[in-house]
Amino acid sequence: DETCEEAVAKALQIFGNSIKVEIIEYGKVRPNEHEGHEHFGYLDGVSQPALKGLVDPNPGQLPCEPGVVILGLNGDVTPPFRGPEKVNNRPPWAIGGSIMAFRKLKQRVPEFNKFLDENPIKGPNLSHPEGVELRGAKMVGRWKSGVPIDLSPEKEDSKFLDPQFINNFRYDSPTPGQARCPFSAHIRKTAPRKHIDSESAQVPLAPLIPHALMMRAGIPYGREVTPEESRTQTTLEDRGLLFVSYQNLLDVTGTGFSFIQQRWANGVRFPEAEKDAPPQTVFPGPDPIIGNAVGELRVRSTSGTDPSLPLMDDNLVMPEDFVVAEGGEYFFIPPMVAIDTIIKGDPLDPVPASGVAGGGAPAGPPSP
């Protein structure tokens, strides 16, 4: 099989002087039983949206219109923040492409492990290692194996690794709330799945959920944690995740990567209380994994991660970041028709199209 290096060399030969390499980042799949897991130890890439008409979804897999990811297809619309959806008119050369966000995310693994070790969830039937694992699972929303805590909230049950179960949850069984999965958990902050809006909601969440979905991929980079790092509980080597997401919109007025990071992951009050729920007196706080603190101190606090405590007393203070964004960029990923046009030397038509060039469904409102 062709290696990544061979594929890059072939592409550079094809494009010649028409492109310039600015930087190369090297990923590295983790070894043995850690393969598929990011450096904190959690299985990565478990949940992906099912594009209607293109993917046969597993139970619970979140469906979305293909235009949420692929420009010009059904569902390529602006989100319904405070008005009707509007179709995004794309030029012919953009139809079938996507917008990619790239981030190099440094993971401070020794510090994360130290924090969990010092903040285990305590209970009469929990050993210290079990309390450590449970705290991490509550912060992420899944056990390291990928089992969701909404289905297996106290002990990891491997039966939920089955594709029939692993994404088949909506945070509402047997009752809505955060008794099983905190509102602040990473997977709930970035993909709420289901929300029953209260009448007083400033920006209703339920209509946004089908639009705020991304195709995501990541590969670890850097060495495994060294014995010296484990001993000192301090990061000495650079490691983390090379992350990409694909979506039809990017900025904070859309529903792609920037919106989810800034409005949801960083949002102290997100998600808002659901219909018929008591008024919020304790807010979820930022995403404990990727949420950013405001200011120089980098102190964050989150709630709901310790089921043994009353919510008013459940305030988990994190004195430092565990994930640090070290760089990134936004890119347009062109469809083959655009690449062919450029190769032929033909101009790209700037006029928006009403349908899809080269086949597919026309851009328009979501299908029923």
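This is a predicted model, so every value here is computed, not measured.

What follows concerns the overall build of the protein. Counting secondary structure elements, the protein contains seven helices and 10 strands. Taking 368 residues into account, the globule formula puts the C-alpha radius of gyration at 21 Å, and the protein, at 22 Å, falls close to it. Taking the principal axes of the C-alpha coordinates as reference, the protein spans close to 70 × 55 × 45 Å. Among the 368 residues that make up the protein, the fraction classed as buried is 44%. In the protein, the share of contacts with a sequence separation of at least 24, taken over all contacts with a separation of at least 6, comes to 62%. Summing over all exposed atoms, the protein offers an accessible surface of approximately 19300 Å²; the carbon and sulfur share of this is 56%.

Of all hydrophobic cores here, the largest spans 31 residues; its most connected members are F40, F112 and M139. Contributing elements (two or more residues each) for this core: β5 (98-107), α2 (109-118), α3 (128-140), β7 (240-247), α6 (257-265) and β9 (315-318). Beyond its immediate chain neighbours, meaning those up to four positions away, F112 contacts F40, Y42, M139, I289 and F322. In terms of nonpolar packing, the next biggest core, distinct from the first, is built from 12 residues, I121, F160, F169 and I187 among them.

Turning our attention to the pattern of salt bridges. Scanning the entire structure with this criterion turns up 18 salt bridges. As a salt-bridge pair, D172 and K194 come within 2.7 Å of each other at their nearest N and O atoms. Here D172 is found in the loop between α3 and α4 (186-190), whereas its partner K194 is found in the loop between α4 and β6 (215-221), with 22 residues between them in sequence. Close ionic contact of E229 with R239 constitutes a salt bridge, the shortest N to O distance being 2.7 Å. Here E229, found in helix α5 (residues 227-232), pairs with R239, found in the loop between α5 and β7; they are 10 residues apart in sequence, far enough to count as distant. Here the two residues E229 and R239 agree in accessibility, since each one is buried. A cluster of three or more residues bridged by salt bridges with shared partners is formed by E25, K104 and D238.

Analysis parameters
Residues numbered from 1 in each chain as written. Predicted model: local features only at pLDDT ≥ 70, side-chain atom pairs only at ≥ 80, totals over all residues. Heavy atoms only, no water. Helix = DSSP H or I, 4+ residues; strand = E, 2+ residues; numbered from the N terminus. Rg over C-alpha atoms; globule rule 2.2 N^0.38 Å. Buried < 20%, exposed > 50% of the residue type's maximum accessible area, 1.4 Å probe, protein only. Contact = heavy atoms within 4.5 Å. Areas by Shrake-Rupley, 256 points an atom, 1.4 Å probe, with all protein chains shown as cover. Core = buried A, V, L, I, M, F, W, Y, C linked by side-chain atoms within 4.5 Å. Salt bridge = Lys/Arg side-chain N within 4 Å of Asp/Glu carboxyl O.

So far we have only geometry, and geometry alone does not tell us how the molecule works.
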